[in-house]
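What the coordinates show
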Amino acid sequence: MSDPLVHHGLMILLHPIHNLTRILPSCPKLRGRRSAPETKALPLAPVLPVGPTRDPVVASFQTAIHECRTLAFFYQGGSTPGILRRFLPVSLYRLESGGPVYAVGRCALRNETRTIRLDRVRLG
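The residue numbering used here restarts from 1 in each chain and proceeds along that chain's sequence as written. Only residues with pLDDT of at least 70 get local features here, since the model is predicted, and only at 80 or more are side-chain atom pairs given and counted; chain-wide, interface and lining totals rely on the full set of residues. With hydrogens and water excluded, all non-hydrogen atoms of the structure serve as input to the side-chain values.

Taken in spatial order, the five strands make up an open sheet running β7-β6-β5-β4-β8, and their pairing is antiparallel. Both edges of this open sheet fall to β7 (112-117) and β8 (121-123), since each of them pairs with a single strand only. Strand-to-strand, the axes of this sheet are offset by a mean angle of 50°, without reference to chain direction. By this definition, two strands are paired if DSSP reports at least two bridges between them. Strands are runs of DSSP state E lasting at least 2 residues, helices are runs of H or I lasting at least 4, and numbering of each runs from the N terminus. Here six bridges tie strand β6 (residues 101-107) to β7, and the two strands are oriented antiparallel to one another. For A103, the partnering residue across the bridge sits in β7 and is I116. In this description, contact between two residues means that some pair of their heavy atoms is separated by no more than 4.5 Å. The angle between two axes is taken between their N-to-C directions and runs from 0 to 180 degrees, where each axis is a line fitted to C-alpha atoms and a helix contributes only its stretch in contact. Sheet contacts for helix α1 (residues 56-67): β4 (71-75), β5 (84-94), β6, β7 and β8; angle to β5, the most-contacted strand, approximately 90°.

Written out as structure tokens, the structure is:
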């Protein structure tokens, strides 16, 4: 198994770029939920924390994580681009310094754990 990433009291095991193998949240909205079945451990991409920012989208996601609340936004990616999505974020990270910020959380549309790029988000 890979080393856990602990963020805001959440222990997260990361799959290479985007999918979680497991969430062990402290957030009551996610407690007891689980993502896809366990997979073999794969080499991990480096994960960099996201600090304070002036980007309003990233700041909104940071606040939502801290307050354990769902965000509504339009996402210009995935299989249904441009529709309104509701998302409960649990962590943010970057794969490279200065690169795009990714959010991991629970998507209400798919009722699954998803990873999204925040540069493809337009707040609703």
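To continue, consider the pattern of salt bridges. The working definition used for a salt bridge is a side-chain nitrogen of Lys or Arg within 4 Å of a carboxyl oxygen of Asp or Glu. A full pass over the atoms with the stated rule returns three salt bridges. Between R114 and E112 there is a salt bridge, and its shortest N-O distance comes to 3.0 Å. With relative accessibility at 30%, the residue R114 sits in the partly exposed group. Accessible area is worked out with a 1.4 Å probe on protein chains only. A residue is then buried under 20% of its type maximum, exposed over 50%, and partly exposed in between. Exposure remark for E112: the relative accessible area of 39% places this residue in the partly exposed category. Note that R117 and D119 form a salt bridge whose closest N and O atoms lie 2.5 Å from each other. The class of R117 is partly exposed, set by a relative accessible area of 22%.

To continue, consider α1. The terminal C-alpha atoms of α1, which comprises twelve residues, lie 16 Å apart, in line with the 16 Å expected from a rise of 1.5 Å per residue. Taken as a whole, α1 has its buried residues at V57, V58, S60, F61, A64 and I65. Projected down its long axis, α1 shows its buried positions confined to an angular sector of 160°, all on one face. Exposed positions of α1 whose direction lies more than 90 degrees from the buried face are P56 and H66. Directly after α1, the chain includes C68, whose backbone phi takes a positive value near 55°. Given the number of residues in a helix, its expected span is that number minus one, multiplied by 1.5 Å. Arc definition: directions from the helix axis to the C-beta atoms.

pLDDT measures the predictor's confidence residue by residue and takes values from 0 up to 100. Averaged over all residues, the pLDDT of the protein is 75; the fraction at 70 or higher stands at 63%. Within the model, the stretch residues 1-25 combines pLDDT values under 50 with 69 contacts to residues more than four positions away or in other chains.

A large share of β6 lies buried, amounting to seven of its seven residues. Turn length for the β6-β7 hairpin, with the two strands adjacent in sequence and antiparallel, is four residues, and the turn residue N111 shows positive phi of about 55°.

Even without a glycine there, the phi angle at C68 is positive, about 55°. Among the structural elements, C68 can be located in the loop between α1 and β4. Even without glycine at this site, N111 takes up a positive phi of about 55°. Along the chain, N111 falls in the loop between β6 and β7.

Take the side chain of R106 next. Along the chain, R106 falls in strand β6. We treat Lys and Arg as the positive residues and Asp and Glu as the negative residues; His and chain ends play no part in the count. Look at R106: it is buried, it has no salt bridge, and the nearest opposite charge is E112 at 7.3 Å. A distance of 2.9 Å separates a polar atom in the side chain of R106 from the backbone oxygen of N111. Within 3.5 Å is the distance limit for a polar contact, defined as a pair of N or O atoms, with the added protein rule that one can donate a hydrogen and the other accept it, and that residues adjacent in sequence qualify only through two side-chain atoms.

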